[in-house]
Amino acid sequence: MVERTLSIVKPDAVARGLIGEILRRFESAGLKIVATKLIRLSRSRAEAFYAVHKERPFYASLTEYMSSGSVLVSVLEGEGAIMRNREIMGATDPAKAAPGTIRRDCGKDVEKNAVHGSDGAETAAWEIAFFFTPEEIHSGRQ
Ligand code: DAT
Ligand code: MG
């Protein structure tokens, strides 16, 4: 099934000049970039995006970090895009992520782990709508 998923290149990866490297990996894996923009999240917007984690001990640190610099938010489209993106990203902790994954190769630690990716169909729909209007998403083949 052709799906869409939300990807974020996190602040430290943007700051280290890894946008091109990370997008190349998506495209090489057959995921199409159908929307993308560089933005800066306010603290309250980062808190809203990660609201599902608000009871976790790392919530304050995570939302501070995610609002500390520019992030690249993108919509990826392709066959099984949600799980495919999770595979390309690797495990949450870069130290535990498989060789060749983005988090293993580009992540610093469990918080500065280079990328975010939606974890399921419902989450993907909610996260895409959080950042993009339907008009900003371009699936055309031309
Ligand atoms: P994922 O990003 O792999 O979906 P998650 O949804 O469990 O992982 O957590 C969201 C983000 O929160 C994760 O990318 C980094 C941060 N995080 C998760 N576990 C953490 C921990 N034990 N310590 C610090 N930050 C953590
Ligand atoms: Mg998650």
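Scroll up to find the structure this text is about.
Quick caveat, the model's predicted, so the values are computed rather than measured.

## Concerning the site of ligand 1
Piece 1. Around ligand 1, the neighbouring residues are Lys10, His53, Phe58, Leu62, Arg86, Thr92, Arg103, Val110 and Asn113.
Piece 2. One of the side-chain nitrogen or oxygen atoms of histidine 53 is found 3.1 Å away from an oxygen atom of ligand 1.
Piece 3. Taken by itself ligand 1 offers 520 Å² of open surface, and the protein chains cover 76% of this.
Piece 4. Broken down by class, the residue content of the shell around ligand 1 amounts to three nonpolar, three polar and three charged.

## Focus: the environment of glutamate 47
Piece 1. Looking at the element boundaries, glutamate 47 is found in helix α3 (residues 43-49).
Piece 2. The class of glutamate 47 is partly exposed, set by a relative accessible area of 29%.
Piece 3. Separated by 13 residues in sequence, glutamate 47 and alanine 60 place their C-alpha atoms 8.3 Å apart.

Criteria and thresholds
Residues numbered from 1 in each chain as written. Chains lettered and ligands numbered in written order. Predicted model: local features only at pLDDT ≥ 70, side-chain atom pairs only at ≥ 80, totals over all residues. Heavy atoms only, no water. Near = heavy atom within 4 Å. Polar contact = N/O pair within 3.5 Å; in protein donor to acceptor, adjacent residues only side chain to side chain. Areas by Shrake-Rupley, 256 points an atom, 1.4 Å probe, with all protein chains shown as cover. Nonpolar A, V, L, I, M, F, W, Y, C, P; charged D, E, K, R; others polar. Helix = DSSP H or I, 4+ residues; strand = E, 2+ residues; numbered from the N terminus. Buried < 20%, exposed > 50% of the residue type's maximum accessible area, 1.4 Å probe, protein only.

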